[in-house]
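One-letter residues, chain by chain:
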Amino acid sequence: MTRIELERVLTLNRVWQPLTTLVLRKALVLVARGRARIVCPQTFQIFNWKQWIADRAVAADAHVIEADYIRTATMHVRIPQVITLAKFAGYPNAGVPFSRRGVYERDNGRCQYCNAVVHKRDMTLDHVVPVSRGGATSWGNCVLACGRCNHRKADRTPREAEMSLVETPQQPTREDLLLRGVHRNPAWEPFIGKAAEVTSASTLKS
Ligand SMILES: [Zn+2]
């Protein structure tokens, strides 16, 4: 696998909300076909393919080094880190489906009672309000627990068991999902922060 298939580019919709990450090859194709433009993460300037190829981007950012470039058979092009789609302004709003693996990721692989690191194969899913009391199998009622804590808590609420949660369980945000399993490029931060603001603002309004 070459760099063009490995490196990821943060992909924003037309109004700069993050949608996904694409492999570099796909991102370059979108820009070359005029379906996306490149955003310089330092200056927030926008470049179409011609401008980018003409090295306008380099003039805009003096910190560019050779490692920021990729050579293909026909060209030598600076690797974009963020692109914005030319037309698509939508924002997939579907909730993140509940899953055991998702709980593991959301809780950062730590028992939510004792905060110990738990290996995936050793994880147990604890229902904060036990199923026997009507507790749902949901993001809001399930946490990652180590076997020991789950056993100790048994069929009780945390209060009854005199155990407290490290964090109140919540449905993970789309942003969490977006970056799951992807190496997080520091250059993406300003755009991801924006998404968090937009998301919380729209949540407040609704
Ligand atoms: Zn524990």
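The structure under discussion appears in the preceding block.
An account of the accompanying structure is given in this report. A quick note: this is a predicted structure, and the numbers were derived from the prediction, not measured.

**Let's talk about the overall build of the protein chain**
Stage number 1. The helix and strand tally for the protein chain stands at nine helices and nine strands.
Stage number 2. A buried classification covers 40% of the 206 residues belonging to the protein chain.
Stage number 3. Within the protein chain, contacts between residues at least 6 apart in sequence are counted, and of these 60% link residues at least 24 apart.
Stage number 4. Per element, the accessible surface of the protein chain, about 12100 Å² overall, is 52% carbon and sulfur.

**What to know about the coordination of the zinc ion**
Stage number 1. For the zinc ion, the protein coordination sphere consists of C111 (SG), C114 (SG), C146 (SG) and C149 (SG), at 2.3 Å.
Stage number 2. Mapping the donors of the zinc ion onto the primary sequence gives the spacing C-x2-C-x31-C-x2-C. With C111 in the loop between helix 5 (100-106) and strand 8 (124-127) and C149 in helix 6 (residues 147-153), the pair connects residues that are 38 residues apart, well separated along the chain. This pair shows no difference in class: C111 is buried, exactly as C149 is.

**Regarding the packing of aromatic side chains**
The description of an aromatic ring pair uses the distance of the two centres, along with the angle that the planes make with each other.
Stage number 1. What the rule picks out here adds up to five aromatic pairs.
Stage number 2. On the numbers, 5.4 Å between centres and 65° between planes, the contact of F47 with W52 is edge-to-face. No difference in accessibility class separates F47 from W52, as the two residues are buried.
Stage number 3. These aromatic residues form a ring-pair network of at least three members: W16, F44 and F191.

Rules behind the numbers
- Residues numbered from 1 in each chain as written.
- Predicted model: local features only at pLDDT ≥ 70, side-chain atom pairs only at ≥ 80, totals over all residues.
- Heavy atoms only, no water.
- Helix = DSSP H or I, 4+ residues; strand = E, 2+ residues; numbered from the N terminus.
- Buried < 20%, exposed > 50% of the residue type's maximum accessible area, 1.4 Å probe, protein only.
- Contact = heavy atoms within 4.5 Å.
- Areas by Shrake-Rupley, 256 points an atom, 1.4 Å probe, with all protein chains shown as cover.
- Donors = N, O, S within 2.8 Å, 3.2 Å for Na, K, Ca; no water.
- Phe/Tyr/Trp six-rings, centres within 6.5 Å; stacked < 30°, edge-to-face > 60°.

Everything listed here is a matter of coordinates, which is why it stays silent on function.
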